[in-house]
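So the chains spell out like this:
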Amino acid sequence: MYDPKTGAWVQSATDNFNEHFETTYYLKYNIEKALYSLNKIMKSKIDYREFSNRCIYYHFYIDNVLNAIGHIRRRFFNNNVNSERIERNKKEYDYISIDATGKRVCNYPIISNNEIRNFIEHIDEKDEVLIEEGIYNGTFNVIYKGMNQQIKRELLDTKMKQNNLLNLLTKEYKIITIDKDTKKLKECTLNLIGLKKELEKLKIINDAIWIHLTEGPF
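Please read all numbers here as calculations on a predicted model, not as lab measurements.

Draft legend 1. Quick look at the pattern of salt bridges. The full count for this structure, using the stated rule, is 15 salt bridges. The salt bridge partner of R117 is E121, with a shortest N-O separation of 2.1 Å. Placement of both R117 and E121 in helix α5 (residues 115-121) is noted, with a separation of 4 residues, approximately one turn of the helix. Here K203 and D207 are joined by a salt bridge, their closest N and O atoms 2.9 Å apart. Of the two residues, K203 and D207 are both situated in helix α8 (residues 192-215); the distance of 4 residues between them amounts to about one turn of the helix. Given the relative accessible area of 22%, D207 is considered partly exposed. Because the salt bridges share partners, they merge into one network encompassing E19, R85, R88 and E92.

Draft legend 2. Spotlight on the sheet that holds strand β6 (residues 185-191). Across the sheet, 4 strands lie side by side as β3-β4-β5-β6; this open sheet has mixed pairing. At either end of the open sheet lies a strand with only one pairing partner, and these are β3 (141-143) and β6. When the angles between neighbouring strand axes are averaged without regard to direction, this sheet yields 20 degrees. The pairing of strand β4 (residues 164-167) with strand β5 (residues 172-178) spans 4 bridges and is antiparallel. Paired with N167 across the strands is E172, a residue of β5. Sitting on the sheet, helix α6 (residues 123-133) touches β4, β5 and β6, and the angle it makes with β5 is about 60 degrees.

Procedures and definitions
Residues numbered from 1 in each chain as written. Predicted model: local features only at pLDDT ≥ 70, side-chain atom pairs only at ≥ 80, totals over all residues. Heavy atoms only, no water. Salt bridge = Lys/Arg side-chain N within 4 Å of Asp/Glu carboxyl O. Helix = DSSP H or I, 4+ residues; strand = E, 2+ residues; numbered from the N terminus. Buried < 20%, exposed > 50% of the residue type's maximum accessible area, 1.4 Å probe, protein only. Pairing = 2+ DSSP bridges. Axes fitted to C-alpha atoms, helices over the stretch in contact; angles between N-to-C directions. Contact = heavy atoms within 4.5 Å.

By themselves, these are just geometric observations and shouldn't be taken as functional.
Here's what the structure looks like:
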């Protein structure tokens with residue numbers, strides 16, 4: 001098992017190489033997928049000719065990001081797999097730390113939050129609720145530098161909040177949904193810069209584990 005604090009490797013008789021390799025590979029794949037898609041989103045100049053319009057380009061890549069971080073999260077929170085495996089993953093990737101009060105704190109709060117990914121996965125159901133409530137104000141939209149200023153003002157109008165909006169000026173992705181417990185309108189925000197930092201931290205650790213598993217020593 002890898003120790004992210006010291007960089008040391010501790011052999012464990014109970015560790016299954018095949019499972020460890022499988023976990024490391026799929027984390028590697030989804031970390032790189034998310035980072036690649038984020039870079040596509042945050043490029044100052046884009047080429048969206050393979051898509052019908054700019055909006056579809058951004059929608060495609062933000063969905064890629066959310067899909068990837070959903071798969072990453074499942075490697076740290078999953079009741080359907082061996083709990084020892086989950087705990088090993090959390091230790092190897094420094095997922096949880098203890099603060100001064102003795103409270104467990106997640107070091108990847110953006111990745112661990114499943115609300116926006118769940119909204120996207122069940123977009124038809126979520127939108128139906130918004131439509132029934134009379135607060136559905138459009139599909140996916142994006143705000144970018146140099147766009148039509150009238151459209152920009154309309155998208156940022158607080159009286160008609162967009163339920164699915166990527167703001168490239170603030171580097172935020174926001175959704176509006178109905179809280180299942182309070183039944184009230186709820187806005188959730190994904191900070192793209194913060195997410196990238198979390199993914200880059202995961203990547204450093206994942207690269208170290210990958211090198212050990214693929215190059216030895218054994």
